[in-house]
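# Overview (structure and organization)
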Amino acid sequence: MTTKIAIQGIKGSFHHQVVKEYFSENVAIDECLSFEELVDSLLSGKSDQAVMAIENSIAGPIIPNYALIDKNNLHIIGEHYLSIHQNLMTLKGQKIEDIKEVHSHPMALLQCMDFLKQYPNIKLVEDKDTAETARRIQEKQLTGIAAIGSKVASEMYDLEIIAPEIQTIKNNMTRFVIIKKQNSFLPENEINRASIKFELDHKRGSLAAVLNVMSDCKLNLTKIQSLPKIETPWKYSFFVDVTFEKYEDFAKAKALLNIMAEYLKVLGEYKNTKPLTES
C-alpha cells in the first residue's frame, strides 16, 4: 500500500526533497499551500504522514509550527536535516542581464540578499512557494523572470540555473520533522531525542529548577522557546528539544517534570539525526 505524505509546497520544493531523502519506499505526495492545510490533510486522513519545517540554522525555530503540532495533538516520529542550496533559475537561454524580476518565497529572497544586492535594477517579488514559481515560469514561458529554488526544482521544471549556490551563508540547514496523527513507538534503545511542552507556575526560580533537573538527568537542551498563552495573560508555554544517551535518563526527567510542572506534554520521542558536522 502506498504511503501518502503531505508537504507544504509542491513537487520540487525543499519539503519534497526531504520526502525523497527520508522515505525509502514509494510514496504519493499531497501538495499543500500552507502548514494549516498540511495539518488538515493529516487530520482528515487524506495523508498518512507529513513533512514539516520546524527550525532553520539562520532564522531559528518556526514556533507557529510547534503550536500547530501541539494544538492538533499530532506526534513527531522523526526528523531530517537538509542543507539549503539556493539557485537562480530561468527559462533556458537567458542570462542574468536579461532578468527584470526575481520571484520567490520571502525567506529565500532574504537568504540570498547579498547576491541580489549586486543587481539593484532587478525587482524582488515575494511569492508563496519557491517551486511553484519555477513551475509557473515554465508553464507560462515567462522571460525576464527568474526563480530562486532547489536544484530539484530546476530539473523538475526544466529550467536553467544561471547562478548556483547564491545563498549568503553557505552552511544553511533546515530541520524538518515527520509527523503523524498516531504515535509510532520506537524501541527505547533507539530513542535519543524528544520534543516536549510544559507550563510552569509564575513564580521566581521555577524555570531554573526545571533546567537543573534536565541537567541532573543528563539531558542536553538543544532548544527552548517560550510562547505566550493567549487565554492567560503573562503565562507562557515552553517548547523544548532535548537529546540524551539513555532513554532511562529521559524517563526519570519526565517523571520529575510531571511533578514540577503545571502541565507536561510529550510532542515526540524519536531518533536524533543531526549531522555530526553540525554539532
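What you are looking at is a predicted structure, and each value in this text was computed from that prediction instead of being measured.

Side chains of L256, I259 and M260 sit close together on the surface and give an oily, nonpolar patch of about 280 Å² of accessible area. Looking at the element boundaries, L256 is found in helix α9 (residues 247–260).

In space, the 5 strands of this open sheet follow the order β8-β7-β9-β6-β10, with mixed pairing throughout. With one partner strand each, in any of the chains shown, β8 (123–126) and β10 (160–163) form the two edges of the open sheet. Neighbour-to-neighbour, the strand axes of the sheet open up by a mean angle of 35°, direction not taken into account. As defined by bridge partners, strand β6 (residues 87–90) adjoins strand β9 (residues 145–149) across 3 bridges and the pair is classed as antiparallel. Paired with L88 across the two strands is I148, which belongs to β9.

Attention shifts here to the pairing of strand β1 (residues 3–8). Counting buried positions along β1 gives 5 out of 6 residues, so the element sits mostly inside the fold. Note: β1 against strand β2 (residues 27–32), 6 bridges, orientation parallel. Counterpart to A6 in the pairing with β2 is D30. Read as a crossover between parallel neighbours, the route from β1 over helix α1 (residues 14–22) to β2 is right-handed.

For the structure shown, the criterion picks out 14 salt bridges. Put simply, D70 and K197 hold a salt bridge, and the shortest N to O gap is 2.6 Å. Placement of the pair is D70 in helix α3 (residues 63–71) and K197 in strand β12 (residues 193–199), with a sequence separation of 127 residues. Taking the relative accessible area as the measure of exposure, D70 reaches 11% and is therefore buried. Under the relative-accessibility criterion, K197 is labelled buried at 9%. Taking the shortest distance from any N to any O, the salt bridge between R136 and D127 comes out at 2.3 Å. A single burial state applies to R136 and to D127, both of which are buried.

Although it is not a glycine, N73 sits at a positive phi angle of roughly 55°. Within the secondary structure layout, N73 lies in the loop between α3 and β5 (75–83). Residue N73 is classed as partly exposed on the basis of its relative accessible area, which comes to 48%. Positive phi is not limited to glycine here, since D158 has a value of about 55°. By the secondary structure assignment, D158 is in the loop between α7 (151–156) and β10. Residue D158 is classed as partly exposed on the basis of its relative accessible area, which comes to 41%.

A few words on the environment of I63. Turning to its location among the elements, I63 is positioned in helix α3. A relative accessible area of 10% places I63 in the buried class. In sequence terms I63 and S206 are 143 residues apart; their C-alpha atoms lie 22 Å from each other. Not counting the four nearest positions on each side in its chain, I63 is found in contact with Q225 and L227.

Quick notes on the rules
- Residues numbered from 1 in each chain as written.
- Predicted model: local features only at pLDDT ≥ 70, side-chain atom pairs only at ≥ 80, totals over all residues.
- Heavy atoms only, no water.
- Patch = residues over 30% accessible without salt bridge, like charges linked within 9 Å, V, L, I, M, F, W, Y side chains within 5 Å.
- Areas by Shrake-Rupley, 256 points an atom, 1.4 Å probe, with all protein chains shown as cover.
- Salt bridge = Lys/Arg side-chain N within 4 Å of Asp/Glu carboxyl O.
- Helix = DSSP H or I, 4+ residues; strand = E, 2+ residues; numbered from the N terminus.
- Pairing = 2+ DSSP bridges.
- Axes fitted to C-alpha atoms, helices over the stretch in contact; angles between N-to-C directions.
- Buried < 20%, exposed > 50% of the residue type's maximum accessible area, 1.4 Å probe, protein only.
- Right-handed = clockwise from strand over helix to strand, strands pointing away.
- Contact = heavy atoms within 4.5 Å.

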